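# What the coordinates show
Now for the letters of each chain:
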Amino acid sequence: MTLPKNTHEMRTLQSVFDAFPVTPSSRGKKLITRAFIMADKAHRGQKRASGVPYIQHVLATAQILAGIGMDSRTVAAGLLHDVPEDTNVTLEMIEKEFGSDIARMIEGITKLGKMKLRSETDDYKLENWRRMFLAMGDDIRTVIIKLADRLHNMRTLEHLRPDKQQRIANETMEIYVPIANRLGIGEVRAALAENAFKYLDKESYLATKKISEEILSKKSAYLERALADMKKILKEGNIKHVDIHGRAKAIYSLYLKIKKHDGDVSRVYDIIAVRIIVPDVASCYEALGVIHRRYRPMVGRIKDYISLPKPNGYQSLHTTIFGPEGQILEIQIRTRQMHDEAELGIAAHWLYEERKRSGWRSYLDPRKKNHEISHEVKWAKQLREWQKDLGNNPDEFMEGLRVDFLQNHIFAFTPKGDVIELPEGATIVDFAYAIHTDIGNTAVGARVDGKMAPLDSIVSNGQVIEIVTEKNREKPNTNWLTFVKTSHAKSAIRRQNKSPNL
Ligand code: MN
């Protein structure tokens, strides 16, 4: 294998390697280098709208993917993602050289890119969503590459015409940001939202950025002292920490939060926060204890998202204290795994695979046996299935999407302690169908936290629900269609009654 000599691109390829949280294996590096050489040759002579060589775009995409911990194959696919669409090199040639796994990812991205860009109609949005779901059901990595691709396009949006800027920024906010959010990739979500915000509402963007910068410069010296103080308190309490750092709230989140408080910035307490990463769950609570012994917590601001995770799975302990020097300060405490999952979401799965490979076993939270990806993938497959059922009814598809995919989720438990995830507003019948279609079909009643409850009751977070079934029931009640929330329950009830047009 001959490498191009010390070109600017080769140095950038090095920065792709450097972006990995865990150094890739030499096999992985070879694969990425081969992908780079093919992409570099194929795109030679092509330029971006900004005038820089096109290869810079795919290198930037690969760098984002490496940075969130994706595996070498996904990074290689990121380097090749625009090749079949924009160059003479075909998908068949890629498959021959790199195998079907990488070729299928690139095929998925090419399909997503082929959508004709028409006017900003609802139909266009619907079509866009549909394709994203199809891709997600096939291979979720395709969508992650697409998010990285879009992030670099957003970062270089200034070089496009204003009308294109608006259209792309709009699409980013409406489709890519919610998907990144749902996949839990916090870093990418925040960066996409900030860049889109800049084009969609420049005035608010600049105003929010100014507020953020003012507070950061005013508080940075204080934050340093507070960090030193926290380290001291933890040390005195004999609590080990893996990391302790300050964090600033992302611009778009800050904007939403200020808006929620009717523009009153002084009521937003978490513009800066101290983040403490500890080795295990027990240390999270111990750290909270020693901090509260030293500084009085603000009433109603202690949040245990470890026992009750946020709807998107986020876990941490939060508290707001009357902290060092009498200043109000938010503290966030979590394990390393919770931290990675908060920043990387589903991408953390590949990071853990890499860490396991490099022998970093002790790293995983022993309370969680394995970091499981199957749940998210199952979820994507399920969406795909019902989108087939509802294929001819765009309104219902959009409504189902809004409810199942974008709305906040709650967690309820079976008597055995299995967690069932449901959208807010879901009923007992939705819960029953989420356990198993047969349980939904034969449900006749339920006990919620030990008390009998009607089947149309709304499920709340943390409830333990036991479904009472009657085995010989023939069909689910079609009246249930008037109150069930999830598309899965709806299509199951219809299927069982064999009348899709109900
Ligand atoms: Mn691209």
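These numbers come from a predicted model, not from an experiment.

The rules behind the values
Residues numbered from 1 in each chain as written. Predicted model: local features only at pLDDT ≥ 70, side-chain atom pairs only at ≥ 80, totals over all residues. Heavy atoms only, no water. Helix = DSSP H or I, 4+ residues; strand = E, 2+ residues; numbered from the N terminus. Buried < 20%, exposed > 50% of the residue type's maximum accessible area, 1.4 Å probe, protein only. Contact = heavy atoms within 4.5 Å. Areas by Shrake-Rupley, 256 points an atom, 1.4 Å probe, with all protein chains shown as cover. Salt bridge = Lys/Arg side-chain N within 4 Å of Asp/Glu carboxyl O. Pairing = 2+ DSSP bridges. Axes fitted to C-alpha atoms, helices over the stretch in contact; angles between N-to-C directions. 1 Å grid on protein atoms, 1.4 Å probe; cavity = no way out; pocket = protein on both sides within 12 Å on 5 of 7 lines; lining within 4 Å. Points joined across faces, edges and corners; volume = space filled by probe spheres on them. Nonpolar A, V, L, I, M, F, W, Y, C, P; charged D, E, K, R; others polar.

This paragraph deals with the overall build of the protein. Per the secondary structure count, the protein includes 21 helices and ten strands. A burial count over the protein gives 51% of its 502 residues as buried. Here the contacts in the protein between residues at least 6 apart in sequence split such that 66% fall between residues at least 24 apart. Carbon together with sulfur atoms contributes 49% to the accessible area of the protein, which is approximately 24500 Å² in total.

This part is about the pattern of salt bridges. Oppositely charged side chains can form a pair if their charged atoms are brought close together. Applying the stated criterion across every chain yields a total of 20 salt bridges. Lysine 146 serves as the salt-bridge partner of aspartate 149, at 3.6 Å between the closest nitrogen and oxygen. With aspartate 149 and lysine 146 both in helix 9 (residues 140-155) and three residues apart, the pair spans about one turn of that helix. Residue classification places lysine 146 among the buried positions, given a relative accessible area of 11%. Taking the shortest distance from any N to any O, the salt bridge between glutamate 330 and arginine 301 comes out at 3.3 Å. Here arginine 301 lies in the loop between helix 14 (281-294) and strand 3 (303-304) and glutamate 330 lies in strand 5 (residues 328-335), a separation of 29 residues in the sequence. Connected through shared salt-bridge partners, Asp71, Arg73, Asp101 and Arg141 make up one network.

With that settled, consider the sheet that holds strand 5. Pairing between the strands of a sheet comes from backbone hydrogen bonds, and it takes one of two forms, parallel or antiparallel. Judged by pairing direction, the sheet is mixed, and its five strands sit side by side in the order 1-2-5-4-3 without closing on themselves. Whereas interior strands pair on both sides, the edge strands pair on one side only; in this sheet they are strand 1 (243-248) and strand 3. With six bridges connecting them, strand 1 and strand 2 (residues 272-278) associate as antiparallel partners. Bridging across to strand 2, arginine 247 finds its partner in alanine 273. Along the sheet, helix 14 makes contact with strand 2, strand 3, strand 4 (317-322) and strand 5, crossing strand 5 at roughly 160°. Against the sheet, helix 15 (residues 336-344) makes contact with strand 1, strand 2 and strand 5, and its axis sits at roughly 105° relative to strand 5, the strand it touches most.

We now examine the layout of surface pockets. Taken as a whole, the second largest pocket spans an internal volume of roughly 910 Å³. Looking at the second largest pocket, it is lined by 34 residues, and the ones nearest its centre are Arg48, Asp149, Arg150, Asn153 and Ile168. Taken together, the elements giving at least two residues each to the lining of the second largest pocket come down to helix 3 (55-67), helix 5 (83-86), helix 7 (100-113), helix 8 (122-138), helix 9 and helix 10 (162-182). Here the residues of the lining of the second largest pocket sort into 13 nonpolar, eleven polar and ten charged.

For alanine 62, the location among the structural elements is in helix 3. Assessed through its relative accessible area of 0%, alanine 62 is described here as buried. Along the sequence, alanine 62 and leucine 13 sit 49 residues apart, while their C-alpha atoms lie 8.9 Å from each other. Leave out the neighbours within four places in its chain, and alanine 62 touches Val16, Val75 and Leu79.

Spatial relationships are all this shows, so hold off on functional conclusions.
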